[in-house]
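Residue strings, one per chain:
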Amino acid sequence: MRRIDLAGKWIMQKLGSSNMYDAVIPGSVAGTLLAHDEIPDPYTGDNENRVLPVFDDDYAFSRSFIVDADIQHHDKVLLHCDGLDTLAEITVNGAMIDKTNNMHRTYVFDVKDILTAGENRIEIIFRSPARYAAEHPSKAGKPFSVLRKAACMFGWDWGLNLPDSGIWRDIYIESFDAAKFSHIHITQQHKHGDVTLSIQPLAEVWGKDIEVSLRVTAPDGRELYAVRKPFDGSIHDVQINNPQIWWPVGYGGQPLYAVTAELISGGQIVADRMEKHIGLCTLTHSRAEKEAGSEYAFSANGVPVWFRGENLIIDDALLSRSDDAHWRRLIHTALKSNLNGIRVWGGAYYPPDIFYQLCDEAGIMVFQDFMFACSFYQTDEGFCENVRIEAEQNVQRICHHPCIALYCGNNEIDGMFTVANSTEPGTVALRRLFTQDHDALSDNARQYLWGMYSQIFLDILPKVCEKWAPSTGYVHSSPSIRIPGGGTSFQDYLSDGDMHYYLQYNGNAPYQRMRVMRSRFMSEVGFQSYPSLKTVASFAKERERRPDSPVMYSHQKCVNGNETIEEYMARDYIVPKIFDDYIYLSQLQAGEIMRYTVEHFRRDSEYNRGMILWQLNDCWPVVSWAGMDYYGRWKALQYFIKRFYAPLALSAKEDGANVELWCSNEKRESVQGNVDWQLFEGAQLLDEGKQHIIMPAGKSALVLEMDLSEKINTHNRHRAYLSFALEVGGETISSDGVLFVPAKEFDFVLPELTLTAAEDGEDFLITVSSRNFARRIMLDTREGDCIFSDNWFDLNAGTSRTIRIEKNDTNIKSLAQLKEKLFTNTLNDVIRRGNAK
């Protein structure tokens, strides 16, 4: 087995032009033109529309490479193309190899008879996907649906229109003799505390006397099983006694076993080798019927798991800018934010291997969409076979990973079908919001669309999953109810499946409405906010840094997005004139609305079994629903997520002067602790109390009820606030506070903060002290970036708190630099400035 790596330097040329450009592969048209200053950066200003015309052209990528004279002596010489985006024509030494049309597939071609000793040449022509979509309109769906290409590359309500092309993953030549692996299929049976692995090496064999060597190695390196025998494609059953079980983070460890297989020719030559790392676990998904619906619940090794997740979109709109460091940062953020799951959203692409490896190591469960989103897809024989191969390749690639919790056929297409057919008034209103169609579908249209839907999502994809991932659940869509196509109203998804819900698509409903909702599982819910001022400064000049500037609108892709943000601001806060304060409040209200939402559903955890917020990341600097912006900067939402997704969390349910405190315990063991609370009017303590609690494992419960009506009245309501905390073993685990009026009506005084900074080994320490009550203290740096141990928190009058920055979570190099760049903002200051005459 030998390999010739074709990554690195290529030449790109626009067809019909004599201009040639050095290109780096993996790479793309836009990335190459940008490197040569032929186009402006599409992320800057309003350059997006200036860049779009380049995607109407066709481009060729080419390079030469050297092949040894003995190339013809190998049995197989294969060209591997791990990612061609999307409409590609491959030639080697002038011979047409094939045409491809799916960026989600790996293509392998036998080129033995085409290569020659010495110099060879490969050329790949990429036809314009934008032009193809325009010339081949779908009869059933959106323009992008005619291509197997990331849907969001044609623009989304958080993404720019950048329908790029190129060689976006590895490309190389491999030679084999006698045999090569195609897959190692591994299944597990858990019984009586032991695990039996069924391992089936699958291979192409063209030589004689081929043997297979198979080894299973424990996490500590001990060899548990080893065999060498003639290859016959049979299954090897390996029993593991006293297994080390893999768990989602917070429920146990993440030990990984190694399965190593080799094909041996002639008694000693290793013809091919494959190794997979696996976790011994069962992740199950239940749609069991319940009264008035069905559950939507995950379990790990028989233990119910409340899914604490965020949605993952495309990593970077310029695919060549994505690298391993991006994926490590993303999983690092997930762990620090108390996530135990991520949904890979179906409008993007299947992530690279490193994503799943990191999730295995971190204990992050993956809710894996197939790459279909928000459109009906017109099927024919060629399209369906293309989809089947795509699905089979990707399921085979990832199915051994213990992190895979669920496969999902698509994003929102079943919901689209329900909305298009419903006569229920609320669902009809939703249909009119997104389309011009006032009437439900005709019977013929309904049968036509559901027939095509069924081919892909009820036949092809579930069969692939059943064959290659039989122990992992499959749902045909998100959201979906238990019976495919059975929805009559969008409300059905609340009781009978999972739900996607956005306040703005419900007439900008008050967020307080969330507390009257019950949902089995929320797989999308979110609220928009602006990125940090540092991020805005990366694309907008100072004069453009205001919500209504053309540049800012080019980075706000949601229809009426700013108007929605400001409507909610005006309800609870103010609409600031100062842009820094506008950003602050946009982030704060997104965090508060999601806190209000998630805490409500966690309190109802017997019914609701998880939340996946929209969204984790951005693919360019933009106003969006993300908790972490394009540059990895945490917005307020991500800090709120860290608190309300904590395995052990205390929350308040207030109703006038009546307050309930609830505790949610997602640990596997019960917890004892104390709930402390204080009621203040300004700096004056009105009342206080302490309650000892014992919280059972995996439960949410009401732990304290308070009637504060004797202490809070119309005269002091605008100055009263409740502070509460959960202490376990002398450590504050969870804390927050309640105002009894909207923030715009609260009588904030200047907090009078003081900051001191120090070093403690591998950490910086920031001590924040406040003379007066300070609401939602934001810490940030004017230059450089940090992840703070906590942020956007409260301080009671006369108290202080020390915040930690791990030095590997900041690019600030010295204590002096931190002191110089550190600054704060508070809700007190923002409201007072906004109200100043």
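Notes on the structure in this doc start here.

Thresholds applied
- Every chain's residues receive numbers from 1 upward, in the order its sequence appears when written.
- Since the coordinates come from a predicted model, pLDDT governs what is reported: local features require at least 70, and pairs of side-chain atoms require 80 or more to be given and counted, while whole-chain, interface and lining totals use all residues.
- Excluded from the side-chain calculations are hydrogens and water; all other atoms, namely the structure's heavy atoms, are used.
- Secondary structure elements follow DSSP: runs of H or I of four or more residues count as helices, runs of E of two or more count as strands, with numbering from the N terminus.
- In this scheme, strands are said to pair when DSSP sees at least two bridges between them.
- Angular values range over 0 to 180 degrees, each being the angle between N-to-C directions of two axes fitted as lines to C-alpha atoms, with helices fitted over their stretch in contact.
- Only protein chains enter the accessibility calculation, which uses a 1.4 Å probe; a residue whose area is less than 20% of its type maximum is buried, one above 50% is exposed, and one in between is partly exposed.
- Residues are called lining when one of their atoms sits within 4 Å of a cavity or pocket point, these points coming from a 1 Å grid over the protein atoms alone, where a cavity is a set in which a 1.4 Å probe fits but cannot get out and a pocket is an open set with protein on both sides within 12 Å along at least five of seven lines.
- Grid points are joined across faces, edges and corners, and a volume is the space filled by probe spheres set on the points.
- Each residue is assigned to one of three groups, with Ala, Val, Leu, Ile, Met, Phe, Trp, Tyr, Cys and Pro labelled nonpolar, Asp, Glu, Lys and Arg labelled charged, and all others, Gly among them, labelled polar.
- Salt bridge, as used here: a side-chain nitrogen of Lys or Arg that lies within 4 Å of a carboxyl oxygen of Asp or Glu.
- For this analysis, a polar contact is any N or O atom pair within 3.5 Å, provided that within protein one partner can donate a hydrogen and the other can accept it, and provided that sequence-adjacent residues contribute only side-chain to side-chain pairs.
- Residue contacts are counted whenever heavy atoms from the two residues lie within 4.5 Å of one another.
- Every angle not falling under 35 degrees, over 145, or within 65 to 115 is termed oblique; those three ranges are roughly parallel, roughly antiparallel and roughly perpendicular.
- Note: crossing handedness is left-handed where the near helix turns anticlockwise from the far helix by less than a right angle, and right-handed where it turns clockwise.
- Side-chain rings of Phe, Tyr and Trp, where Trp is taken by its six-membered ring, are said to pair if the distance between their centres is within 6.5 Å; with planes under 30 degrees apart they count as stacked, over 60 as edge-to-face, and otherwise as tilted.
- Only when the NZ atom of a Lys or the CZ atom of an Arg is both within 6 Å of the ring centre and within 35 degrees of the ring normal do we say a charge sits over the ring.

## Points about unusual backbone geometry
Along the chain, I25 connects to P26 via a cis peptide bond; the corresponding omega equals 0 degrees. Mapped onto the fold, P26 is located in the loop between β3 (20-25) and β4 (27-28). For the bond running from D85 to T86, omega is -5 degrees, close enough to zero to count as cis. A positive phi angle, near 50 degrees, is found at N242, a position not held by glycine.

## What about the sheet that holds strand β16 (residues 210-217)?
Spatially, four strands are ordered β17-β16-β19-β20 in an open sheet, and the strand pairing comes out antiparallel. Because the sheet does not close on itself, it has two edges, and the strands there are β17 (223-230) and β20 (269-278). Taking the axes of each pair of neighbouring strands and ignoring which way they run, one obtains an average angle of 10 degrees across the sheet. As defined by bridge partners, β16 adjoins strand β19 (residues 257-265) across eight bridges and the pair is classed as antiparallel. Bridging from a neighbouring strand, E211 pairs with I264 of β19.

## A short note on the pairing of β19
The element β19 is extensively covered by neighbouring structure, given that nine of its nine residues are classed as buried. Burial along β19 is two-sided: the face carrying Y257, V259, A261, L263 and S265 and the face carrying A258, T260, E262 and I264 are both buried. Pairing analysis gives nine bridges linking β19 to β20, with the strands arranged antiparallel. Bridging from a neighbouring strand, I264 pairs with V270 of β20. Linking β19 back to β20 in an antiparallel pair, the connection comprises three residues, with G266 at a positive phi of about 65 degrees.

## Observations concerning empty space enclosed by the protein
Taken as a whole and judged by the stated rule, the model has seven cavities of 30 Å³ or more. Roughly 130 Å³ of internal volume is contained in the largest cavity. Listed by contribution, the elements that provide at least two residues to the lining of the largest cavity are α14 (579-603), α15 (636-644), β34 (648-655) and β40 (731-739). Among the residues forming the lining of the largest cavity, the class breakdown is four nonpolar, four polar and five charged.

## A short note on the pattern of salt bridges
As enumerated under the stated definition, the model contains 52 salt bridges in all. For D85, the salt bridge identified is with K149, shortest N-O distance 2.6 Å. Here D85, found in strand β7 (residues 84-85), pairs with K149, found in the loop between α3 (129-135) and β12 (166-167); they are 64 residues apart in sequence, far enough to count as distant. Across the pair, K149 and D85 agree in class, each one buried. As a salt-bridge pair, K690 and D676 come within 3.0 Å of each other at their nearest N and O atoms. Of this pair, K690 sits in strand β37 (residues 684-695) while D676 sits in strand β36 (residues 671-681); the two residues are 14 residues apart in sequence, bridging distant segments of the chain. Assessed through its relative accessible area of 11%, D676 is described here as buried.

## Describing the sheet that holds β4
As summarised here, the arrangement of the three strands in space is β4-β12-β7, forming an open sheet in which the pairing is antiparallel. One side of each edge strand has no neighbouring strand; the edge strands of this open sheet are β4 and β7. Judged from the two bridges that link them, β7 and β12 form a sheet pairing that is antiparallel. In the strand pairing of β12, L84 is matched with I167.

## Some remarks on α15
Residues lying three or four places apart along an α-helix face the same way, a consequence of the helix completing one turn every 3.6 residues. Across the nine residues that make up α15, a large majority, eight, are buried. Those residues of α15 that sit buried are A636, L637, Q638, Y639, F640, I641, R643 and F644.

## Comments concerning the side chain of N410
As for its position among the elements, N410 is in the loop between β29 (404-408) and α7 (413-421). The exposure class of N410 is buried, given its relative accessible area of 0%. A polar contact of 2.7 Å, which involves the side chain of N410, links it to the side chain of S477. The contact partners of N410, leaving out residues within four places of it in the chain, are D369, F370, F372, Y453, F457, H476, S477 and S478.

## Quick word on the environment of Q678
Along the chain, Q678 falls in strand β36. Residue Q678 is classed as partly exposed on the basis of its relative accessible area, which comes to 21%. Sequence-distant contacts of Q678, that is, excluding residues within four places in its chain, are made with L685, D687, E688, Y721, L722, S723 and N796.

## Structural notes on the packing of α14 against helix α17 (residues 827-835)
Remark: α14 packs on α17, axes separated minimally by 11 Å, with the N-to-C direction vectors making an angle of 125 degrees. Between α14 and α17, the angle is such that the two are oblique. Where α14 crosses over α17, the handedness of that crossing is left-handed. For the pair α14 and α17, the contacting residues are D581, Y584, L585 and L588 in the first and L827, V830 and R833 in the second. Looking at side-chain class alone, the contact of α14 with α17 contains five nonpolar, no polar and two charged residues.

## Regarding the pairing of β36
Looking down a regular strand, the side chains alternate between one sheet face and the other. Here β36 lies mainly inside the structure; eight of its 11 residues are buried. Across 11 bridges, the pairing between β36 and β37 is antiparallel. By the bridge assignment, Q678 is partnered in β37 with E688. The antiparallel pairing of β36 with β37 creates a hairpin that spans two residues between the two strands, and G682 there sits at a positive phi of about 65 degrees. Where β36 lies against strand β39 (residues 720-728), eight bridges are found, and the strand directions are antiparallel. Paired with V675 across the two strands is L726, which belongs to β39.

## What to know about the environment of D492
Structurally, the position occupied by D492 is in helix α10 (residues 492-496). We classify D492 as partly exposed; its relative accessible area is 22%. When the C-alpha positions of D492 and Q239 are compared, they lie 44 Å apart, and in sequence the two are 253 residues distant. The contact partners of D492, leaving out residues within four places of it in the chain, are I481, G486, G487 and G497.

## Details of the packing of aromatic side chains
Counted according to the given criterion, the structure contains 43 aromatic pairs. Centroid distance F527 to Y568: 4.9 Å. Interplanar angle 80 degrees. Geometry classified as edge-to-face. Residue F527 is located in the loop between β32 (522-525) and α11 (533-537), and its partner Y568 is located in helix α13 (residues 561-572); the two are separated by 41 residues in the primary sequence. There is no split in this pair, since F527 and Y568 are both buried. Judged by centre distance (5.4 Å) and plane angle (85 degrees), the rings of F644 and Y645 are edge-to-face. Like Y645, F644 is buried. Over the ring of F823 we find R782; its NZ or CZ atom is 4.1 Å from the centre of that ring. A cation over a ring is seen here: R801 above F793, with NZ or CZ 5.0 Å from the ring centre.

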